[in-house]
Amino acid sequence: MSMQPTFLITDLLFFALTIGLIAFVFMVRKRPHLSRPWSQVLKSTTGSVSLMILLFYYAIALIDSMHFHPRVAQATESQYQYSSEVHSLLDVLMAPMRSRMEKTFSAPLATHSFSKEMMQGEEGQLQRDYPRLNYGGAHLTQPEEQKAADIISVSLQASAQALFYWALIWLFILWLYSQRNNQSLVTLLANVLRAKTTYPLRAIAMTSAILMLLTVVSMQLGQHYHLFGTDKVGQDVFYQAVKSVRTGILIGVLTTLITLPLAILLGALAGFFRGWVDDVIQYIYTTLNSIPHVLLIAAAVLLLQVYMSGHADDFDSLTERADLRLLFLCLILGITSWTGLCRLLRAETFKLREMEYIQAAEAFGVSKFKILMRHVMPNFMHIVIISVVLDFSGLVLAEAVLSYINIGVDPSMNSWGNMINQARLEMARDPIVWWSLSAAFVFMFTLVLFANLFADVVRDALDPRVVRGEQ
Amino acid sequence: MSAYIIRRMLYAIPILIGINLITFVLFFVVNSPDDMALMQLGSKHTTELQIEDWKRERGYHLPLLYNAEQSGFDALTETIFYQKSAKLFVFDFGSSDSGRDIGYDISQRMWPSLALAIPTLLVGLLVTITLALTIAFFRGTYIDYWAVIICVALISISSLFYIIGGQFLIGKLLKIVPISGFDTGLHALKFMILPVLIGIVGGIGSNTRWYRTIFLEEINKDYVRTARSKGLSEQLVLFKHVLRNALIPILTGVVVVLPLLFMGSLLTENFFGIPGLGSYTIDAINRQDFAIVRAMVFLGSVLYIIGLVLTDISYTLVDPRIRLS
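Conventions used here
Residues numbered from 1 in each chain as written. Chains lettered and ligands numbered in written order. Predicted model: local features only at pLDDT ≥ 70, side-chain atom pairs only at ≥ 80, totals over all residues. Heavy atoms only, no water. Helix = DSSP H or I, 4+ residues; strand = E, 2+ residues; numbered from the N terminus. Rg over C-alpha atoms; globule rule 2.2 N^0.38 Å. Buried < 20%, exposed > 50% of the residue type's maximum accessible area, 1.4 Å probe, protein only. Contact = heavy atoms within 4.5 Å. Areas by Shrake-Rupley, 256 points an atom, 1.4 Å probe, with all protein chains shown as cover. Buried area = accessible area lost by both parts, 1.4 Å probe. Salt bridge = Lys/Arg side-chain N within 4 Å of Asp/Glu carboxyl O. Polar contact = N/O pair within 3.5 Å; in protein donor to acceptor, adjacent residues only side chain to side chain. Domains from an automatic or database assignment. Nonpolar A, V, L, I, M, F, W, Y, C, P; charged D, E, K, R; others polar. Phe/Tyr/Trp six-rings, centres within 6.5 Å; stacked < 30°, edge-to-face > 60°. Lys NZ or Arg CZ within 6 Å of the ring centre and 35° of its normal. Expected span 1.5 Å × (residues − 1).

What follows deals with the overall build of chain B. Helix and strand counts for chain B stand at 14 helices and 0 strands. In chain B, the order of α-helices and β-strands from amino to carboxyl end is α-α-α-α-α-α-α-α-α-α-α-α-α-α. In terms of C-alpha radius of gyration, chain B reaches 25 Å, well past the compact-globule figure of 20 Å for 325 residues. For chain B, the C-alpha atoms occupy an extent of roughly 85 × 60 × 35 Å along the three principal directions. Counting every position in chain B, which comprises 325 residues, the buried fraction comes to 47%. Intrachain contacts of chain B at a sequence separation of at least 6 include 68% that bridge at least 24 residues. Element-wise, carbon and sulfur atoms account for 65% of the exposed surface of chain B, whose accessible area totals about 16,600 Å².

Moving on, we get to the interface of chain B and chain A. Counting residues at the interface gives 42 residues for chain B and 41 residues for chain A. Between chain B and chain A the total buried area reaches about 3,900 Å² when both faces are included, carbon and sulfur atoms providing 76% of it. Ranking the residues of chain B by area buried against chain A places B:Ser156, B:Phe161 and B:Ile285 at the top, with a combined share of 15%. At the boundary of chain B with chain A, the tally comes to 1 salt bridge. One salt bridge connects A:Asp456 with B:Arg209, and the closest N-O pair in it is separated by 2.8 Å. Summed over the shared surface of chain B and chain A, the number is 6 residue pairs in polar contact (both at pLDDT 80 or more). Here the side of chain B that touches chain A takes 8 residues from helix α14 (residues 290-318) of chain B, the largest share from any one element.

Residue and element names in this part refer to chain B. Inspection of the secondary structure assignment puts Thr311 in helix α14. In terms of polar contacts, Thr311 uses its side chain to reach the backbone carbonyl oxygen of Gly307, at 2.6 Å. Here Thr311 is in contact with Thr252, Val255 and Val256, once residues within four sequence places are set aside.

What follows covers unusual backbone geometry. Residue and element names in this part refer to chain A. The phi dihedral of Arg274 falls on the positive side, at around 50 degrees, and the residue is not glycine. Mapping Arg274 onto the fold places it in the loop between α9 (237-273) and α10 (275-290). For Arg274, a relative accessible area of 26% corresponds to the partly exposed category. Even without glycine at this site, Asn406 takes up a positive phi of about 65 degrees. Relative to the assigned elements, Asn406 resides in the loop between α14 (368-404) and α15 (416-424). Looking at Asn406, the relative accessible area reads 39%, which means it is partly exposed.

On to the domain arrangement of chain B. Residues and elements named next belong to chain B. Taken as a whole, chain B is organised into domain 1 (2-90) and domain 2 (107-323). Here the C-alpha centroids of domain 1 and domain 2 sit 36 Å apart. Contacts between the two partners involve 18 residues from domain 1, matched on the other side by 16 residues from domain 2. Note on domain 1 versus domain 2: buried area summed over both sides is about 1,600 Å², and carbon and sulfur give 75% of it. At the surface where domain 1 touches domain 2, the tally comes to 0 salt bridges. On inspection of domain 1 and its partner domain 2, the count reaches 0 residue pairs in polar contact (both at pLDDT 80 or more). Secondary-structure elements contributing two or more residues to the side of domain 1 that touches domain 2 are α1 (2-30) and α2 (33-41). The element that contributes the greatest number of residues to the side of domain 1 that touches domain 2 is α1, accounting for 11 residues. Taken together, the residues of the side of domain 1 that touches domain 2 sort by class into 13 nonpolar, 3 polar and 2 charged.

Scanning the entire structure with this criterion turns up 15 salt bridges over all chains. Note that A:Arg274 is salt-bridged to A:Glu354, the shortest N-O span being 2.8 Å. Pair noted here: A:Arg274 is in the loop between α9 and α10 and A:Glu354 is in the loop between α12 (318-353) and α13 (356-363), with a separation of 80 residues, a long-range link. Between B:Arg100 and B:Asp105 there is a salt bridge, with its nearest N and O atoms 2.9 Å apart. The class for B:Arg100 is partly exposed, based on a relative accessible area of 48%. Through salt bridges that share partners, A:Asp64, A:Asp91 and A:Lys243 make up one connected network.

It is worth spelling out the packing of aromatic side chains at this point. Between two aromatic rings, the relevant description is the distance of the centres plus the angle of the planes. All names here are of chain A. Scanning the model with the defined rule gives 15 aromatic pairs over all chains in all. Connected via pairs of aromatic rings, a cluster forms that spans Phe228, Phe238 and Phe443. Above the face of the Phe272 ring, Arg353 is positioned so that its terminal group lies 5.1 Å from the ring centre.

Turning next to the domain arrangement of chain A. Split by domain assignment, chain A resolves into domain 1 (109-226) and domain 2 (246-453). Centre-to-centre, using C-alpha coordinates, domain 1 of chain A lies 36 Å away from domain 2 of chain A.

An ideal rise of 1.5 Å per residue puts 34 Å on 24 residues; helix α8 (residues 201-224) of chain A measures up with 35 Å between its terminal C-alpha atoms. The set of residues buried in α8(A) consists of A:Leu201, A:Ala203, A:Ile204, A:Ala205, A:Thr207, A:Ser208, A:Ala209, A:Leu211, A:Val217, A:Ser218, A:Leu221 and A:Gly222.

In structure tokens:
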């Protein structure tokens, strides 16, 4: 073992959530009445393509959540010393991008720095010029002439590689698929090409091709260049943007983890028992909802800062502190966002309570707790799922805004909000430093767009009020 | 009617008390004034005496709920709860941690906020309703399909990018209007155009999509079919029947945000340097001025509750079927 695994609190929660999700998928697959709407989601092109891209982001977040302390030295025969720094598996995969620091700004794929510096010329005289970068295109002897050709050849090679593996993988998948359905591979291929399969396999295959191309090409180019340039302290912007994926995804999913128990429990109780229980729960959520959310979050985060500055010794490392702040942010976002779902669930429980089957259960003497668990909750789960999927993108966007007002995640943590916040100060520069902003924009926009598209498909499939069929 | 309004107001009182208690607990119990003093003064080289002075200057030296040193009524009034929290009920905000009168600042700063928010809201409504109605007219066609996708794409763009992009494109590249700043009177106009425009564009995606759903719901109702079967043209049906009925949910949805317009927009005001309540709040957050944040939390909640009451009233005004009882 050349490393010592370590688990941050958010990692553990994230893993637990992932296992929960997998369990959910297996549960749904076994029950036809639950799997029908989901197979409708997968049959729609938008649905499966968005799901695929979301899973891609999710996988990056998952890889980035496997943390460890790297080994630095060998103390004795069997004992090693481990660095106090926390790295993740993603850091290993992107090692060159993480460690290759330039002095300051450099444009995407540049070989020279963005700003002029005093340098010693060939004859020893001082002159102001753009210095070569330490790493970006350092393997080129004549960067001006060779750069374009080098970039093209590297990208072409990488693309060819990516497409080759992609073709192999898809041939294998299709072969398996054809074996299972007793189809010949050729007819299946023809069907896929003409988009005549039950599930939109052609769209899925094309999405995976694009994802694979982007991944391989960016990783290959990243070996020798800074794909999205470097920021003020010379860090690779592409690396930052990829690292921010984890923050965005975690904010989206962990908040849900906090929202759901509150909303489900209180909503069901209020709708089921009515009377004073209902009054109290309504009072709680009306009060919470009345406070402007941004201000409540601001107040809570300010107080957290006060606490952390007073108890600085309680945290082993900066990473741990930033991690705790992320968790706290999810907590407070959860507290401000459960009220909407709770109100929906309360109203639904109100309706369900009057249904004959619940009255029958009551007449049979089934205990109230059991009625809630068995008969009420499963029947409003579609509302829960729809609301979770709908809220996800909003939370990712909220992170950026909150980080911009300095009440988001820790400033040391990679996040799109922090990237925008830092890049904004460079807007006044001339020529403008646009790459940090663009990178954050591209990564965030893709995630939020496909989350929104997916949410729409899920809502249409799960909501019984939406009339299905041809219009 | 008036009995209903009074009852609604009375119902708001326990909520306000709840909000007041939450802010009190958040700001004074979870974190003691000592913590705040340490935060402001820095934790190193700070003596007990300095902390005591800092607290005394701002009135945080009093006990939280009950002052045992005072007798009679003073035992309750000479406390942080009475001095800092209870006074919020009569909109006495006290002074900020840096010594300025918060009430005065708010009364000064709400005008730029309103000057920005009202045109954004009105023009925005006009634009989005027009767009949504047009899309509803073309329902079921490719125009509808792509319009919805464009709306989703617009929703997916962070509000930060609308502001940054707008500033860059119109302020810096085209140099039509100044990038940021503010002026008094009519001179403010040239500073307002860009933020208002960005506010409108930023809201187009979500509002158009929402209004489109409202229109489509309305279009499928029986009275619309009746109107068509009478032989009315599609335009007439849309404008005379659908639009008027769909305006009910749209306008009542607007009423709830009306009072909150005072609070201004945090991001826009901050980016454009407009001295409204939004940038006031952001500055307070960045300076960690707890007194201002506390005041704004309370003010925002009061305005929200007023908005809820107004919404209920407006329902009865526009829809005679709803009776308040």
